[in-house]
Amino acid sequence: MAARTVWAAGRCSEQAGAVNRAVRRLPGLTQVRWSRYGPEFRDPLTDKGHCRKPAAELTEEEKYDQDLGKTQLIKAAPAAQTCSAFADPVISKSTNMMMKGGSKVLARSLMAQTLEAVERKQFEKYHAASAEEQATIERNPYTIFHQALKNCEPVIGLVPILKGGHFYQVPVPLSDRRRRFLAMKWMIKDCRENKPRRTLMPEKLSYELLEAFANKGPVIKRKHDMHKMAEANRALAHYRWW
Amino acid sequence: MLKGVRKLIPRVHKLDPGCLLRMSTQAPRSITTHSDDQLPVQRPRAICRTPESDPVKTFGEACLMVRKPALELLQYLKNTNFTHPAVRYLLYGEKGTGKTLSLCHVIHFCAKHNWLTLHVPDAHLWVKNCRELLRSTYNKQRLDQPLEASTWLRRFKTTNEHFLSQIKVEEKYIWNKRESTEKGSPLGEVVEQGLMRVRNATDAVGIVLKELKRQSCLGRLQLLVAVDGVNALWGRTTLQREDKSPVAPEELALVHNLRKMVDNDWHGGAIVLTLSQTGSLFKPQTAYLPHELLGKEGFDALDPFVPILVSNYNPKEFESSFQYYLENNWLQHEKAPTEEGKKELLFLSNSNPGQLERLCAYL
């Protein structure tokens, strides 16, 4: 339906706009993924503060915007978009990546249990530690999650390029989005595959997150392996043409 | 996790609604043990908490919020007339409102006042998922549950240790050709026998209940019978015999004996019961009223009783619970301490204590 469901509402129109512009410029391109909404539709707003401002405080532009909003058509908000104070785009993305068969309820509960497990483990450690160590122990599961994923992001990636009938693994700079995706993908894949039988996902994922936060563990190792391969293949770097 | 209470009133040890009732932090891991002595190695789990969500591990303490239903019950218990038949108090309410913890508060109070507490943490565990069902030696029609009986005996032993040597058995009990308990021996011997010979554990439980009833009628002790999930005693079980025929609850010896205990034909104590839909069998999720959960049979058996409704938090209680979490740094999210975060938690949990706990766990 929508061109690409991305985290913030603003990027949706930006993306769609960029694709539209590319389509108009290059006559050979036809749009494959397209939105059922025409250009007159506006994106939905999830900012609670915006709607609740009394009329006196609005500037000219905002007044114009509000009046326009009364007559213009607005797209339906996607189900995952919230105005919640606790909404976190990174967590939502990982939840979607963990989801299987569309059961968002299960994925969300698993994520909640993971965060809870991380928090409890850190609290236990905190209470068992001495006063000096207590200052260094991080108890916020969200900071741990973000930092762990950041630690797992590879700096450089490998891409298979066809040259002379053979595929060569060429080192290539990765975009921010690709790096975040790879970090999350590796984390989830590792938790699914390399665990002893009958361990639950929250248990394993919380363990992996804490290890990645401390820069140890199999996901960090995989990142380093990727870097080493890229370093080894650096002679093939000139195969890249972009 | 247990909820604590606000600090707006300075921490006074009078039981006003909203003040803090703190258990000793080092020793008791469970709320049923009331003594501040060294804990026995085996810690009885009083309530249905998983080992992972143990509040002592996360906070280093176990706190209860003092709420109106519990205070009402304590008032009634303070005014019990030990010559009248035992009054039955039934805590009921929607899911997650705090019935089990109110029961635990009452048990703690009674234990502190030297009553003998007979606590069944979850009667539903006796009517489902039983691995071994033996034919009872005492009564051929009934079935024994050795595992459940022995866990209960172990818990009973740890919670009421000092009573076991004081109470003397009034009858001679013959276990088998070689073992028997003489008249006048301490009740501890019966418990030991049940723990050693697991086959006789159910019969040991039956004897313990019978003796305690007799002793409280004679006025030698004050007995508190506390059963959580009492609606399990009347209803259906998911247990089957070897020929796959269903087992009715009255055919289980443990349930039969507990039903006799919950009857009001004895005096010298009180009976506090809790209904529970979580863990109940063949009952709809929205059912919470006594008539719905107990059925006609159970309601008639428990009639007359004093019903006590346990409801969601009122604004003060919510505030105090929220403050407790904040003070213990349990709410780690940056937006959690803000007004916005608080309003959102209030909305999402609908002031339901259980739901609030689950939400705050990952925030």
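Model, not experiment: these values are computed from the prediction. Each chain carries its own residue numbering, running from 1 in the written order of its sequence. Here chains are named by letter from A upward and ligands by number from 1 upward, in the order in which they appear as written. Thresholds applied to this predicted model are a pLDDT of at least 70 for local features of residues and 80 or more for the giving and counting of side-chain atom pairs; totals over whole chains, interfaces and linings are not thresholded and use all residues. Processing note: side-chain calculations cover all non-hydrogen atoms of the structure and skip hydrogens and water entirely.

Observations regarding the overall build of chain A
- For the purposes of this entry, the term helix denotes a DSSP run of H or I that reaches at least four residues, the term strand denotes a run of E that reaches at least two, and both are numbered from the N terminus. Of the regular secondary structure elements, chain A holds 10 helices and two strands.
- Taken from the N to the C terminus, the helices and strands of chain A come in the order α-α-α-α-α-α-α-β-β-α-α-α.
- For chain A, contacts bridging at least 24 residues in sequence account for 67% of all contacts bridging at least 6.
- Accessible surface is estimated by sampling points in the Shrake-Rupley manner with a 1.4 Å probe; for residues, cover comes only from the protein chains shown. Just so you have it, chain A exposes about 15,800 Å², and 56% of that area is on carbon and sulfur atoms. In what follows, residue pairs with any heavy atoms lying within 4.5 Å of each other are defined as contacts.

What to know about the sheet that holds strand β3 (residues 87-92) of chain B
All names here are of chain B.
- For two strands to be treated as a pair, DSSP must find no fewer than two bridges joining them. The five strands lie next to each other as β4-β9-β10-β3-β11, forming an open sheet whose pairing is parallel. At either end of the open sheet lies a strand with only one pairing partner, and these are β4 (116-120) and β11 (306-309). This sheet shows a mean twist of 15° between the axes of neighbouring strands, independent of strand direction.
- Relative to strand β10 (residues 269-274), β3 runs parallel, the two being bridged by five bridges. Note that in β10 the partner of Leu 90 across the bridge is Leu 273.
- What counts as an axis is a line fitted to C-alpha atoms, over the stretch in contact for a helix, and the angles between N-to-C directions run from 0 to 180 degrees. The strands touched by helix α2 (residues 68-78) are β3, β10 and β11; relative to β11, the strand with the most contacts, the crossing angle is about 155°.

Considerations on unusual backbone geometry
All names here are of chain B.
- Asp 303 connects to Pro 304 through a cis peptide bond whose omega is -5°.
- Structurally, Pro 304 can be placed in the loop between α9 (290-302) and β11.
- For Phe 282, which is not glycine, the phi dihedral falls at a positive 60°.
- Note that Phe 282 resides in the loop between β10 and α9.
- Notably, Asn 329 is not glycine yet its phi reads approximately 60°, a positive angle.
- If you trace the backbone, Asn 329 turns up in the loop between α10 (315-327) and α11 (339-349).

Some remarks on α9 of chain B
All names here are of chain B.
- With 13 residues, α9 should reach 18 Å at 1.5 Å per residue; the first-to-last C-alpha distance of 10 Å falls well below that figure.
- In this analysis the local bend is the angle between axes fitted, respectively, to the seven residues ending at and the seven residues starting at the residue. Along α9, the sharpest change in direction is near 95° and occurs at Lys 296.
- Whether a residue is buried, partly exposed or exposed follows from its accessible area with a 1.4 Å probe, protein chains only, as a fraction of its type maximum: under 20%, in between, or over 50%, in that order. All buried positions along α9 are accounted for by Pro 290, Leu 293, Leu 294, Gly 298, Phe 299 and Leu 302.
- Residues of α9 that are buried make contact with β3, α8 (253-262) and β10. Multiplying 1.5 Å by the helix residue count minus one yields the expected span of that helix.

Details of the nonpolar core
- Buried residues of nine kinds, namely Ala, Val, Leu, Ile, Met, Phe, Trp, Tyr and Cys, make up a nonpolar core once their side-chain atoms join them within 4.5 Å. In this structure, Trp 152, Phe 156, Leu 212, Val 227, Val 230 and Leu 302 of chain B are the most contacted members of the largest nonpolar core, which totals 59 residues.
- No other element matches helix α7 (residues 201-217) of chain B, which puts seven residues into this core.
- Membership of the second largest hydrophobic core comes to 53 residues, among which are Ile 144 of chain A together with Trp 330, Leu 356 and Cys 360 of chain B.

Some details on the pattern of salt bridges
- For this analysis, a salt bridge means a side-chain nitrogen from Lys or Arg found within 4 Å of a carboxyl oxygen belonging to Asp or Glu. Overall, the coordinates contain 20 salt bridges over all chains when judged by the stated rule.
- Close ionic contact of Arg 179 of chain A with Asp 176 of chain A constitutes a salt bridge, the shortest N to O distance being 2.7 Å. Note that Arg 179 of chain A and Asp 176 of chain A are positioned in helix α8 (residues 176-193) at a spacing of three residues, about one turn of the helix.
- Classification of Arg 179 of chain A by relative accessible area gives partly exposed; the value is 21%.
- Take Asp 176 of chain A: its relative accessible area is 45%, and that puts it in the partly exposed class.
- Within this structure, Glu 171, Glu 211 and Arg 214 of chain B form a network of salt bridges that share partners.

A few points about the environment of Thr 202 of chain B
- Along the polypeptide, Thr 202 of chain B turns up in helix α7.
- For Thr 202 of chain B and Thr 137 of chain B, which are 65 residues apart along the polypeptide, the C-alpha to C-alpha distance reads 9.9 Å.

Structural notes on the pairing of β4 of chain B
Residues and elements named next belong to chain B.
- A large share of β4 lies buried, amounting to five of its five residues.
- Of the two faces of β4, both are covered, the one formed by Leu 116, Leu 118 and Val 120 as well as the one formed by Thr 117 and His 119.
- Judged from the five bridges that link them, β4 and strand β9 (residues 223-228) form a sheet pairing that is parallel. Paired with Leu 116 across the two strands is Leu 223, which belongs to β9.

Any link to function would need more than the numbers given here.
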